[in-house]
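Report on the structure
Chain by chain, the residues run as shown.
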Amino acid sequence: MENEKLNESVRIILLGFLSENDYPQYEKLLSESKNIIKFNSRVPNDIVNAYLKQTDIMMPLFSPESTGKFRISGSYNSAYGYKIPLYLDN
């Protein structure tokens, strides 16, 4: 996204709280992009479910920094439950 503009029909929705202090290197990108929707507080379950029902693809978190060494992202369960394909990086 830093090198190439996304098609305006693409929406990236971060369904979780993202503190501006946690990732300052991405704050400019996140605040300037019209393709990214982020929340400034915990997202209520009914809002998460409404977005998931309209989701085309999910990209789960899968790094020890974000999920811990012995945990997995809840995205896997949500994707399975809502029958949403997963985008998994190598």
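Everything that follows concerns the structure shown earlier in this document.
Described in the following lines is the structure provided in the data block. (Residues numbered from 1 in each chain as written. Predicted model: local features only at pLDDT ≥ 70, side-chain atom pairs only at ≥ 80, totals over all residues. Heavy atoms only, no water.)

1. Describing the packing of aromatic side chains
The way to describe two aromatic rings as a pair is by their centre distance and the angle between their planes. Applicable threshold: Pairing of aromatic rings covers Phe, Tyr and Trp, the last counted by its six-membered ring, and requires centre-to-centre distances within 6.5 Å; plane angles under 30 degrees mean stacked, over 60 mean edge-to-face, and any other angle means tilted. Secondary structure elements follow DSSP: runs of H or I no shorter than four residues count as helices, runs of E no shorter than two count as strands, and numbering proceeds from the N terminus. Only protein chains enter the area calculation, which uses a 1.4 Å probe; residues under 20% of their type maximum are buried, those over 50% are exposed, and those in between are partly exposed.
All told, the structure shown has one aromatic pair when counted by the stated rule. Plain terms: the ring middles of Phe39 and Tyr51 are 6.1 Å apart, the flat faces sit at 80° to each other, and that makes the pair edge-to-face. Separated by twelve residues along the polypeptide, Phe39 in strand S2 (residues 36-39) and Tyr51 in helix H2 (residues 45-53) bring together distant segments of the chain. On the basis of relative accessible area, Tyr51 is assigned to the partly exposed category, the value being 27%.

2. Points about the side chain of Ser33
Put simply, the rule is: Think of a polar contact as two N or O atoms within 3.5 Å of one another; within protein, one of them needs to be a possible hydrogen donor and the other a possible acceptor, and neighboring residues in sequence only count if both atoms come from side chains.
With respect to the helices and strands, the residue Ser33 is situated in the loop between helix H1 (24-32) and S2. Note on Ser33: relative accessible area 16%, which makes it buried. Among the polar contacts made by the side chain of Ser33, one reaches the main-chain amide nitrogen of Asn35 at a distance of 3.0 Å.

3. Here's the deal with unusual backbone geometry
Within the chain, Lys83 stands out as a residue other than glycine whose phi angle is a positive 60°. Classification of Lys83 as exposed rests on a relative accessible area of 75%.

4. Section: the environment of Asn40
Here Asn40 is to be found in the loop between S2 and H2. Counting along the chain gives 23 residues from Asn40 to Phe17, while the straight-line C-alpha distance between them is 5.8 Å.

5. A look at the side chain of Ser75
Rules: The contact criterion used throughout is that any non-hydrogen atoms of two residues lie within 4.5 Å.
Take Ser75: it is sitting in helix H4 (residues 75-82). Relative accessible area serves as the criterion here: at 16%, Ser75 is assigned to the buried category. In contact with Ser75, other than residues within four places in its own chain, are Met58, Pro60 and Leu86.

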